[in-house]
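Here is what each chain is made of, one letter per residue.
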Amino acid sequence: MRALLIPFVTLLITLPTTSSQHTALNFGKNPSSYILLPSFTSTQRTSFSVCAWLKRHSNHLDFYQYWISYGVPDSFMEFGISDSGVSYMFGDGMLPRYQWLRVEENHHVCYAWGEGRAVVYYDGVEIGREKTEEGRELVTPGTLILGQFVSYSGMENIERFRYFGGEMTGVYIFSGMLTEEEVEEIYRGGRCFDVVSRFGSDNIFISWQDILQLERVGMVKEVEVQCSSRERRSRKYGESGKFGEF
């Protein structure tokens, strides 16, 4: 029997978004802008993940700008991650594969920690991982802040020259370590992906909807961003005529 050769076909799946517009927060090119978040709790002591869509407006620090950080009383640099993926946990820094950032570009950054390791993702792809101190738990409570770098707990420990000068949306903190597949799913869903419906409110410590209700300090302002449908190549027929992989 002769083999049936099927011509190359690419199938595209369009992932739905929740609305045509979505609210983002612009922190401005201002070293005094921030949002103070509720502190981590005992639920996040052994694992958590944090993800966000980020758009840099300022290159005052071209290599990294910390968009979220967490300080505690007696431990230097408990946790923090920048828009380029440069991060630290328990005072130990991670320099992942370098991402050359330009202003006015949207990128998705995720940090997942648990089981003695931390993994950083950039636009849905892992760019770095490292082991963390064995048996070490996240200290709680502390100072958890958006838009600034804080080395210890307390607003007096903000290092303002390391501020994030740009726009963020879709910030979610999860009570658990996301898998690679889950991070990619969030990225593929785009800025307006309904994360709460997908993962459930019980698995989310702080949602973007929660953050929009918090007090804003400095020049933090709401801006509306367009939600364009994201398409991804899911399956294809290769040159051999065989059905390809995801």
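1. A short note on the overall build of the protein chain
Then, in step 1: For the protein chain, the count of helices and strands is three helices and 16 strands.
Then, in step 2: Long-range contacts, defined as pairs at least 24 residues apart, comprise 73% of the intrachain contacts of the protein chain with a sequence gap of at least 6.
Then, in step 3: For the protein chain, the computed accessible surface area is about 12,200 Å², with 49% contributed by carbon and sulfur atoms.

2. Considering helix α1 (residues 180–189)
Then, in step 1: All of the buried residues along α1 are Val183, Ile186, Tyr187 and Gly189. Along α1, the residues classed as buried sweep out an arc of 165 degrees about the axis, all on the same side.
Then, in step 2: Backbone geometry just downstream of α1 places Gly190 in the positive-phi region, at approximately 85 degrees.

3. Considering the pairing of strand β13 (residues 166–174)
Then, in step 1: The buried fraction of β13 is high, at nine of nine residues.
Then, in step 2: Bridge count for strand β2 (residues 21–26) against β13 is two bridges, and the pairing is antiparallel. Following the sheet pairing, Leu25 is matched in β13 by Met168.
Then, in step 3: Bridge count for strand β4 (residues 47–56) against β13 is seven bridges, and the pairing is antiparallel. Within β13, the position partnered with Trp53 by the bridge is Thr169.
Then, in step 4: Pairing between β13 and strand β14 (residues 204–206): two bridges, direction antiparallel.

4. Regarding the state of the cysteines
Then, in step 1: Throughout the structure, instances matching the rule amount to two disulfides.
Then, in step 2: In this model Cys51 forms its disulfide with Cys110; the gap between the sulfur atoms is 1.9 Å. On the sign convention where negative is left-handed, the bridge of Cys51 and Cys110, at about 115 degrees about the S-S bond, is right-handed. With Cys51 in strand β4 and Cys110 in strand β9 (residues 106–114), this pair connects stretches of sequence that are 59 residues apart. As far as the burial class goes, Cys51 and Cys110 line up, both buried.
Then, in step 3: In this model, Cys192 is linked to Cys227 through a disulfide, with the two sulfur atoms separated by 1.5 Å. Looking down the S-S bond of the Cys192 and Cys227 bridge, the torsion is -55 degrees, so its handedness is left-handed. Placement of the pair is Cys192 in the loop between α1 and α2 (195–199) and Cys227 in the loop between β15 (221–226) and β16 (230–236), with a sequence separation of 35 residues.

5. Side note on the sheet that holds strand β8 (residues 92–94)
Then, in step 1: Strand order in the open sheet made by the six strands is β3-β12-β5-β6-β7-β8, with antiparallel pairing throughout. Two strands bound the open sheet, and with one partner strand each, they are β3 (35–37) and β8. The mean inter-strand angle of the sheet, taken between neighbouring strand axes irrespective of direction, is 25 degrees.
Then, in step 2: Looking at chain direction, strand β5 (residues 66–72) and strand β12 (residues 143–146) are connected through four bridges and run antiparallel. Bridging from a neighbouring strand, Ser69 pairs with Ile145 of β12.

Rules behind the numbers
Note on numbering: residues in each chain are counted from 1, in written sequence order. In view of the model being predicted, local features appear only for residues whose pLDDT reaches at least 70, and side-chain atom pairs are presented and counted only at 80 or more, with totals across whole chains, interfaces and linings using the full set of residues. Here the side-chain values reflect all heavy atoms present in the structure, with hydrogen atoms and water set aside. To qualify as a helix, a DSSP run of H or I must reach at least 4 residues; to qualify as a strand, a run of E must reach at least 2; elements of each kind are numbered from the N terminus. In what follows, a contact means two residues having at least one pair of non-hydrogen atoms within 4.5 Å. In these tables, accessible area is a Shrake-Rupley quantity obtained with a 1.4 Å probe, and a residue counts as shielded only by the protein chains included in the view. For every residue, the accessible area obtained with a 1.4 Å probe (protein chains only) is divided by the maximum for its type, and the residue is called buried under 20%, exposed over 50%, and partly exposed between those limits. For this quantity, the arc is that covered by the directions from the helix axis to the C-beta atoms. We treat two strands as partners when DSSP finds at least two bridges between them. Pairs of cysteine sulfur atoms within 2.5 Å are what we label disulfides. Note on geometry: axes are lines fitted to C-alpha atoms, helical ones only across the stretch in contact, with angles between N-to-C directions running from 0 to 180 degrees.

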